[in-house]
Amino acid sequence: MNQPAMSAKKLRLAGVTKSFVAPRTGQTTLAVDDVTLDIEAGEFICIVGPSGCGKSTVLNLIAGLDRPSSGSIEKDGAPITGPGADRGVMFQDYALMPWQTAYDNVGFGLRHGTPGRGFTAQQREERIRHFIDLVGLKGAEKKYPHQLSGGMRQRVALARLLANGPDVLLMDEPLGALDAQTRLILQIELLRIWGQTAPRSERKTAIFITHDIEEAVFLADRVVVMSSHPGRVRAVLDIDLPRPRSESVRADPRFGHLAEEIWELIRDEAYRAIGGSADTASPLPAPVI
Ligand SMILES: Nc1ncnc2c1ncn2[C@@H]1O[C@H](COP(=O)(O)OP(=O)(O)OP(=O)(O)O)[C@@H](O)[C@H]1O
Ligand SMILES: [Mg+2]
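Model, not experiment: these values are computed from the prediction. (Residues numbered from 1 in each chain as written. Chains lettered and ligands numbered in written order. Predicted model: local features only at pLDDT ≥ 70, side-chain atom pairs only at ≥ 80, totals over all residues. Heavy atoms only, no water.)

(A) Representation of the overall build of the chain within the structure. A tally of helices and strands in the chain yields seven helices and 10 strands. Compactness check: the chain gives a C-alpha radius of gyration of 19 Å against a globular reference of 19 Å for 289 residues, within 12% of the reference. For the chain, the spread of C-alpha atoms along the principal axes amounts to about 60 × 55 × 40 Å. Here the chain holds 289 residues, and 48% of them are scored as buried. Intrachain contacts of the chain at a sequence separation of at least 6 include 68% that bridge at least 24 residues. In the chain, 34 positive and 35 negative side-chain charges are present, and the distance between their average locations comes to 6 Å. (Helix = DSSP H or I, 4+ residues; strand = E, 2+ residues; numbered from the N terminus. Rg over C-alpha atoms; globule rule 2.2 N^0.38 Å. Buried < 20%, exposed > 50% of the residue type's maximum accessible area, 1.4 Å probe, protein only. Contact = heavy atoms within 4.5 Å. Lys, Arg positive; Asp, Glu negative; His and termini not counted. Charge placed at Lys NZ, Arg CZ, Asp CG, Glu CD.)

(B) Up close: the packing of helix H2 (residues 102-112) against helix H4 (residues 150-163). The interhelical angle for the contact between H2 and H4, taken along N-to-C directions, is 25°, at an axis separation of 8 Å. Our classification of the angle between H2 and H4 gives roughly parallel. Classified by chirality, the crossing of H4 by H2 is right-handed. Where H2 abuts H4, its residues Ala102, Asn105, Val106 and Leu110 lie against Val156, Ala159, Arg160 and Ala163. Classifying every residue of the contact of H2 with H4 gives six nonpolar, one polar and one charged. (Axes fitted to C-alpha atoms, helices over the stretch in contact; angles between N-to-C directions. Parallel < 35°, antiparallel > 145°, perpendicular 65-115°, else oblique. Left-handed = near helix turned anticlockwise from the far one by under 90°. Nonpolar A, V, L, I, M, F, W, Y, C, P; charged D, E, K, R; others polar.)

(C) Here's a closer look at the site of ligand 1. Every residue near ligand 1 is listed here: Phe20, Thr29, Ala31, Ser51, Gly52, Cys53, Gly54, Lys55, Ser56, Thr57, Glu173 and His211. The side chain of threonine 57 places a nitrogen or oxygen atom 2.5 Å from an oxygen atom of ligand 1. For ligand 1, whose unbound accessible area comes to 630 Å², protein coverage reaches 60%. If you list the elements that add at least two residues to the shell around ligand 1, you get strand E2 (28-39) and helix H1 (55-63). (Near = heavy atom within 4 Å. Polar contact = N/O pair within 3.5 Å; in protein donor to acceptor, adjacent residues only side chain to side chain. Areas by Shrake-Rupley, 256 points an atom, 1.4 Å probe, with all protein chains shown as cover.)

(D) Structural detail: the packing of H4 against helix H5 (residues 180-194). The contact between H4 and H5 brings their axes to 11 Å, and the two run at 15°. In terms of orientation, H4 lies roughly parallel with respect to H5. By crossing handedness, the relation of H4 to H5 is classed as right-handed. Where H4 abuts H5, its residues Gly151, Gln154, Arg155, Leu158 and Leu162 lie against Thr182, Ile185, Leu186, Glu189, Leu190 and Ile193. Here the contact of H4 with H5 is built from residues that sort into six nonpolar, three polar and two charged.

(E) Seen up close, the pairing of strand E8 (residues 205-209). Within E8, five of the five residues are buried, which leaves it mostly tucked inside the rest of the structure. Covered by surrounding structure in E8 are Thr205, Ile207 and Ile209 together with Ala206 and Phe208, the residues of both alternating faces. Two elements, strand E3 (residues 44-48) and E8, share four bridges in a ladder whose sense is parallel. Each residue of the ladder has a partner; that of isoleucine 47, found in E8, is isoleucine 209. Sheet topology note: the strand E7 (residues 168-172)/E8 ladder contains five bridges and is parallel. Note on E8: the bridge partner recorded for methionine 171 is phenylalanine 208. Between E7 and its parallel partner E8, the chain crosses via H5, and the hand of that crossover is right-handed. (Pairing = 2+ DSSP bridges. Right-handed = clockwise from strand over helix to strand, strands pointing away.)

Structural data, given as structure tokens:
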């Protein structure tokens, strides 16, 4: 019997390798080596690992912004050959257009790109307003990015991402530039918007890069731990904490154990990356790498 199409993995990375060649010296950097990973529809995946281990490279390959040197990346059973509105990307630095209001930033893809096809002007407007409300930006529509706080700018970036209707969210340290309190609030908001109270079939598929181990444990269904030189998948941990998650999950002993386990996997390399030694350092888990 034929398997239904739904059984295809949302994303399938098989033996993905990426090398960069420096134009002047010709020196080759193996940024990502033999990464194999299957991601189910509706999963929230966090990727952690020391600086330079290839996290952004993997994300860019899934986004179609770059091509693997070898191996394959498929979405819904079809090879990824370039960027597409089905995969939305969000970066640490907001990447908003400073000369446009929050409203116009959110609506940019709908007005000027393929995501707006098939919508009337009024439907586009309703959609922009819907996502502005969803991320809690009502009242700030007419403000320009420089008039917004970092947290609000990142909400604009999130609303813009969602307004384009992707089914895969690719986020590269999106909360990294925010203060600690705003970051905690946006983690909860992100889980709400991703759909943690909805059945898995209604959730988006999310891939989220972070240096904050506790953030990864709080958000993820699975945490992919990468190691560097070359960038490889070192371990994939199931985060079997109940959903929906709220602040109280941080007090669950399993939360601390998982964070500690991840830190153990990374600490030697994390210290090496900053020129230190893990031998002389505290054995306690460090939340941010
Ligand atoms: N366009 C490029 N050209 C040459 N080398 C690159 C390029 N992009 C990345 N690299 C190299 O590939 C490796 C992985 O880089 P990448 O940016 O993916 O790491 P990362 O894990 O995202 O690091 P960070 O945590 O600091 O953001 C690094 O050695 C980096 O210098
Ligand atoms: Mg990066």
